Every structure is written in C-alpha cells, then in structure tokens.
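For reference, the chains in residue letters:
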Amino acid sequence: MKSRHKKLALIGGALAVIGIIATLVLNALNSNIALFISPTDVIAGKAPQGKLFRIGGLVKEGSVAREADGVTVRFVVTDTDNEITVNYKGILPDLFKEGKGVVAQGKMTDARIFGATEVLAKHDENYMPPEAAKAVGDAHARAAEKKAADGAAPATISKPAGSY
C-alpha cells in the first residue's frame, strides 16, 4: 500500500471515530434535556407523554399537604390561569414556600397530576425562575386581554331619532 493510501485510510478512520463520538454525545445530551412547560400548556396537551419535562409557576396558597411519612408532599403549581397538582417524594428545598416561585421536574402521571422527581425553589426574595416568571406573565396578559374583551363590548341601546 502506498503512503498516500495509508494517509487517506488514516484520515477516513479518524473522521469515522469523530462522527461516532459526536453522535453519542448528541444522543446523551438529547436524552437529558428537560423542556419547560407551563400549567396552561400542560392542560392544552402540549406536554410530552412519558418524557421528563419541567413545570413551573407559583405554589398555590393553602395547597401544600404533607403525608404522614414526612417526605411525601402534594402541592399545586399555578400560572394564575391554570393549575396542576404535583406529587413529590423527597426533601423540599429550604426556600420552598406557598405563594413563591417553583420549578418541578418529572412526568405526568394522570390528567392533572405531575409526578416530580426534583423540586427547585427560588434563591432570594426577588428571584423567580425565568420560565416560571414568563408563564405567570403570560397568564396575566391573557387575563388582561380577556377582561378588556369583556369590557370592550358594552351593551348600548340606541333610540330612534325623535323618540324622546
């Protein structure tokens, strides 16, 4: 085999190895990505079935219920437009509180039940996860649009001219 053919075979082999490594890395990254979806999008059917994703919003006031075992918790995440119940077994972050921002990672187990494997809470008084803040902001905008649409069509009765 000539020197030229050996170099071409070596380059071809190196490119094949690089291609295989790139494919494996991209596949691993793709399987570990968890998309963020708001409660409104989950109810609209935009949540991936059987796959991990993140849901976020505010923990609804009065919704946190702890089981007798001390580690199982049920709470409601809301974007002020829609609500999803979250079941979580584990220790919650110290900053987890009702009325504060939260992001939970897991899968849907039922129509409106989310089985969380991880719960993330805000880290200071002014912080809310960006995804949760966007979901809450979008819900407020939809509510404002709906209120404006309801108020934009006032019922007016016009009287014919000369009927006073």
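Structure's up top.
Residues numbered from 1 in each chain as written. Predicted model: local features only at pLDDT ≥ 70, side-chain atom pairs only at ≥ 80, totals over all residues. Heavy atoms only, no water.

Asker: Hey, could you run me through the pattern of salt bridges in this one?
Answerer: Side chains carrying opposite charge are able to pair once their charged atoms draw close together. In this structure the tally under the stated criterion is 4 salt bridges. Linking Asp-41 and Lys-46 is a salt bridge whose minimum nitrogen-to-oxygen distance equals 3.9 Å. A relative accessible area of 27% places Asp-41 in the partly exposed class. Each member of the salt-bridge network shares a partner with another, and the members are Asp-79, Asp-81 and Arg-142. (Salt bridge = Lys/Arg side-chain N within 4 Å of Asp/Glu carboxyl O. Buried < 20%, exposed > 50% of the residue type's maximum accessible area, 1.4 Å probe, protein only.)

Asker: Whenever I open this one, the pairing of strand β7 (residues 113–121) confuses me. Can you help?
Answerer: Summarising the sheet, strand β5 (residues 83–89) and β7 pair through 4 bridges and their orientation is parallel. Its bridge partner lying in β7, Thr-85 is registered against Ile-113. As defined by bridge partners, strand β6 (residues 101–108) adjoins β7 across 7 bridges and the pair is classed as antiparallel. From the neighbouring strand, Lys-107 faces β7, where its bridge partner is Gly-115. (Pairing = 2+ DSSP bridges. Helix = DSSP H or I, 4+ residues; strand = E, 2+ residues; numbered from the N terminus.)

Asker: What exactly am I supposed to notice about the packing of aromatic side chains here?
Answerer: For any two aromatic rings, the description comes down to two numbers: the centre-to-centre distance and the angle of the planes. As enumerated under the stated definition, the model contains 2 aromatic pairs in all. Here the aromatic rings of Phe-53 and Phe-114 are separated by 5.2 Å at their centres, their planes lie at 65 degrees, and the arrangement is edge-to-face. On the criterion of sequence distance, the pair formed by Phe-53 in strand β2 (residues 53–59) and Phe-114 in strand β7 is long-range, its members being 61 residues apart. Look at Phe-114 and you get buried, because its relative accessible area is 0%. Summarising the aromatic geometry, the rings of Phe-75 and Phe-96 are spaced 4.9 Å apart at their centres and angled 65 degrees between planes, so their arrangement reads as edge-to-face. Of this pair, Phe-75 sits in strand β4 (residues 72–78) while Phe-96 sits in the loop between β5 and β6, and the two are 21 residues apart along the sequence. This pair shows no difference in class: Phe-75 is buried, exactly as Phe-96 is. (Phe/Tyr/Trp six-rings, centres within 6.5 Å; stacked < 30°, edge-to-face > 60°.)

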